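The primary structure of each chain is shown beneath.
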Amino acid sequence: MTAVHVPGAPTISAGDLISTSPATGAEAGRFPVATEADVREAVQRARTAGEWWAGLGFTGRRERLLRWRGVLARRIEELAELVHTEGGKPVGDAVVEILTALEHIDWAARNARRVLGPRRVRTRLILAEFTGHLEYQPYGVVGVIGPWNYPVFTPIGSAAYALAAGNAVVFKPSEYTPAVGQWLVDRFAEVVPEQPVFQAVHGLGDVGAALCRSGVAKLAFTGSTATARKVMAACAETLTPVLLEAGGKDAMIVDADADLDAAAEACVWGALTNAGQTCIGIERVYAVDQVFDAFVDRVVTKAGRLTVGPDGADIGPITMPSQVDVIRRHIEDAVARGGRAVLGGPDAVQPPYVHPTVLVDVPEDSAAVREETFGPTVTVNRVRDVDEAVERANALPYGLGGSVFGRKRAVAVARRLRSGMAAVNSTLTFAGMSTLPFGGVGESGFGRIHGEDGLREFGRAKSVTRRRARSLLPSMTFERTPTDVARLVKVAKLMYGRGR
């Protein structure tokens, strides 16, 4: 019996990884599958390339990165169409994703010297005869394992910052979107033809595992929490530091004084954009009792207007075919346990598409509330006040992002969310703000991309002290005398002996 190929599912044939559209099954590209030896050779080439790249200095790297940004911007329609073909994402959403990635390339290139470059650090009286200097030196080679749901924005959030910091990058795109990953690498090679500073290796999970064990100096991963654990375990074998962005189950809180129209619009976008396949997507909403019914009505009205289909629709197909079963299970479990589908429901699952589904009164211990759904669904539950909302939002082990709508208490409530990021009176906006760090806590991972923290993730802090005068209080020497020690004791009491 001949195996039936499922559109969108990666296939390996004759040593090639074949990528197809989840909507039509049309081939998007095919790429040689890397062996373990291939991955190690790519990393070895990257070491040499990284030395050359670091030698360009901040100015040279900035000029090349800005040229890469320019190429991507000029060919944005081409890239958006490829993202649409390979992953099913609507072209408009792909354009927004690419635009956000361009902003991050631009910011990283322009700010790397300021954040990472050598600087003098003030010293204290106890070591006044020394000067302190700090700089962030590149690791050398950084491995990046990217996801399929945002195949441009997410890997660039690591790769562009690693490149700006002076590292070479070996990139393993998701097996569901290898064509997009290779396209990004090829465009970089157009502006940096001298050395393989940015390379791609293709294949399934075993290629990602090989990259973890290949000798890279640091690895940045984005994907599920389960896979993040495997990545961390593999990297632990060689004490390779990791940056992990794992799963999420982000919550929105709607307070009694919220602008309900704005909250509903943001909820629909945050929950349903990219067919809900967003790690920082809104999957849970807690609305206080006074506004619950009015809020739900608005969400249902707005979500009910969205179109679903392959071309020109608001919501495209589910990129990973196996995820359809997860979405179906969550919806059916929620309804079976007493939840109500006020929009969509079990019949909304029509592979490869899932129509918008809004579930209310869903038990807090159900799969739809506790597990990452990654589909165009959202649960909306009633709470008595924001304190209960915060308690429920923080009850899960995930902690990526979140959102709060309200006026008087919104910022204070956002600070109480156990998450790496939060948006007030908006959703997802922290992802596009290049000046802010992006990352989670708990089972959503650790480490940060974007902003100054994101640049520092890809540089080793190097501290240097230099003597500039004779020591008045010699301490770190066998030449010190009992008199010197007595002076040190006196200084310690004068400087630190007080209670404040």
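All of the points below concern the structure found in this document.

Definitions and limits used
- Residues numbered from 1 in each chain as written.
- Predicted model: local features only at pLDDT ≥ 70, side-chain atom pairs only at ≥ 80, totals over all residues.
- Heavy atoms only, no water.
- 1 Å grid on protein atoms, 1.4 Å probe; cavity = no way out; pocket = protein on both sides within 12 Å on 5 of 7 lines; lining within 4 Å.
- Points joined across faces, edges and corners; volume = space filled by probe spheres on them.
- Nonpolar A, V, L, I, M, F, W, Y, C, P; charged D, E, K, R; others polar.
- Helix = DSSP H or I, 4+ residues; strand = E, 2+ residues; numbered from the N terminus.
- Phe/Tyr/Trp six-rings, centres within 6.5 Å; stacked < 30°, edge-to-face > 60°.
- Buried < 20%, exposed > 50% of the residue type's maximum accessible area, 1.4 Å probe, protein only.
- Lys NZ or Arg CZ within 6 Å of the ring centre and 35° of its normal.

1. Description of empty space enclosed by the protein
As enumerated under the stated definition, the model contains 3 cavities of 30 Å³ or more in all. Reported here for the largest cavity is a volume of approximately 100 Å³. Across the lining of the largest cavity, the residue classes break down as 5 nonpolar, 5 polar and 4 charged. As a volume, the second largest cavity reaches approximately 70 Å³. Along the walls of the second largest cavity sit 17 residues, with G87, G88, K89, N274 and T319 positioned nearest its centre. Considering each element in turn, the lining of the second largest cavity owes the most residues, 3 residues, to helix α3 (residues 76-87). Of the residues assigned to the lining of the second largest cavity, the class counts are 7 nonpolar, 8 polar and 2 charged.

2. A closer look at the layout of surface pockets
In this model, the largest pocket occupies a volume close to 830 Å³. Looking at the largest pocket, it is lined by 34 residues, and the ones nearest its centre are W148, F221, G223, S224 and T227. Of all the secondary-structure elements, those providing two or more residues to the lining of the largest pocket are α7 (205-212), β9 (218-222) and α8 (225-236). Here the residues of the lining of the largest pocket are counted per class, giving 16 nonpolar, 13 polar and 5 charged. Computed from the structure, the second largest pocket encloses a volume of approximately 360 Å³. The wall of the second largest pocket is formed by 21 residues, among which V96, T100, Y150, L428 and A431 lie closest to the centre.

3. Overview of the packing of aromatic side chains
Evaluated as defined, the whole model comprises 11 aromatic pairs. Between W68 and F198, the aromatic rings sit 5.8 Å apart at their centres with planes inclined by 75 degrees, giving edge-to-face as the arrangement. Here W68 is found in helix α2 (residues 57-74), whereas its partner F198 is found in strand β8 (residues 198-200), with 130 residues between them in sequence. Judged by centre distance (6.5 Å) and plane angle (50 degrees), the ring pair of F430 and F438 falls under tilted. Both residues of the pair, F430 and F438, belong to the buried class. If you follow K89 out to its NZ or CZ, it ends over the ring of Y150, 3.8 Å from the centre. Above the face of the W183 ring, R187 is positioned so that its terminal group lies 4.9 Å from the ring centre.

Worth remembering: the numbers are spatial, not functional.
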